[in-house]
Amino acid sequence: MKKSEYTFSYEVYDSIDDLTEEDAWLLNEAREVTEHAYAPYSHFQVGAVAKMMNGEIVAGSNQENASFPVGLCAERVLLASASSLYPKMPIESIAVSYQSDNVESDHPITPCGICRQTLQEFENRVGHPVRLILGGMQGKVFVIPQASALLPLAFTSEELK
Ligand SMILES: [Zn+2]
């Protein structure tokens with residue numbers, strides 16, 4: 001028997017003011033895009049904005065419906081838009097923010113399990129890491145260099161070949 005260990009590192013900033021100008025701009029865009037969410041059931045509005053490698057900006061927000069569990073997260077709306085508009089184009093960074101009637105938006109949220117799987121597949125498909133900038137309307141900001149680091153021992157398309 002041999003024990004294996006998995007670690008990853010990420011950056012924690014005290015506030016958006018400590019980010020580079022470019023990262024702060026992207027996070028502010030994500031904050032604004034929360035306004036585009038359709039979240040009458042969860043009252044949890046999430047905005048995601050990507051800077052593509054070609055310099056284009058693509059946004060996504062969560063979109064719910066009365067069949068509550070089948071709603072789409074902002075991250076997956078964004079990835080679907082990005083792939084549709086710019087097939088095979090890698091993403092440099094995605095900023096994600098949120099606002100809610102029920103909780104303070106004062107700390108970063110991280111992608112849910114399905115979104116982690118989708119981000120991991122996107123990275124594999126385009127052969128480039130997706131950098132994540134995660135922050136609320138205020139408070140600390142996480143910068144994660146590679147989204148797939150959030151899904152250790154992932155089940156990937158390689159297993160199906
Ligand atoms: Zn999700």
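Preceding this paragraph is the structure being described.
No experiment lies behind these values; they were computed from the predicted model shown.

1. Quick look at the coordination of the zinc ion
Surrounding the zinc ion are the protein donor atoms Cys73 (SG), Cys112 (SG) and Cys115 (SG), at 2.3 Å. The exposure class of Cys115 is buried, given its relative accessible area of 0%.

2. Regarding helix H1 (residues 21-33)
The first and last C-alpha atoms of H1 sit 18 Å apart over 13 residues, in line with the 18 Å expected at 1.5 Å per residue. What H1 keeps buried is the set Asp23, Ala24, Leu26, Leu27, Ala30, Arg31 and Val33. Buried residues along H1 sit against strand S2 (44-52), strand S3 (57-61), strand S4 (91-100), strand S5 (131-135) and strand S6 (141-144).

3. Quick notes on the packing of aromatic side chains
For the structure on display, the rule yields four aromatic pairs. Summarising the aromatic geometry, the rings of Phe8 and Tyr10 are spaced 5.4 Å apart at their centres and angled 25° between planes, so their arrangement reads as stacked. What links up through ring pairs into an aromatic cluster is the set Phe8, Tyr10 and Phe142.

Rules and cut-offs
Residues numbered from 1 in each chain as written. Predicted model: local features only at pLDDT ≥ 70, side-chain atom pairs only at ≥ 80, totals over all residues. Heavy atoms only, no water. Donors = N, O, S within 2.8 Å, 3.2 Å for Na, K, Ca; no water. Buried < 20%, exposed > 50% of the residue type's maximum accessible area, 1.4 Å probe, protein only. Helix = DSSP H or I, 4+ residues; strand = E, 2+ residues; numbered from the N terminus. Expected span 1.5 Å × (residues − 1). Contact = heavy atoms within 4.5 Å. Phe/Tyr/Trp six-rings, centres within 6.5 Å; stacked < 30°, edge-to-face > 60°.

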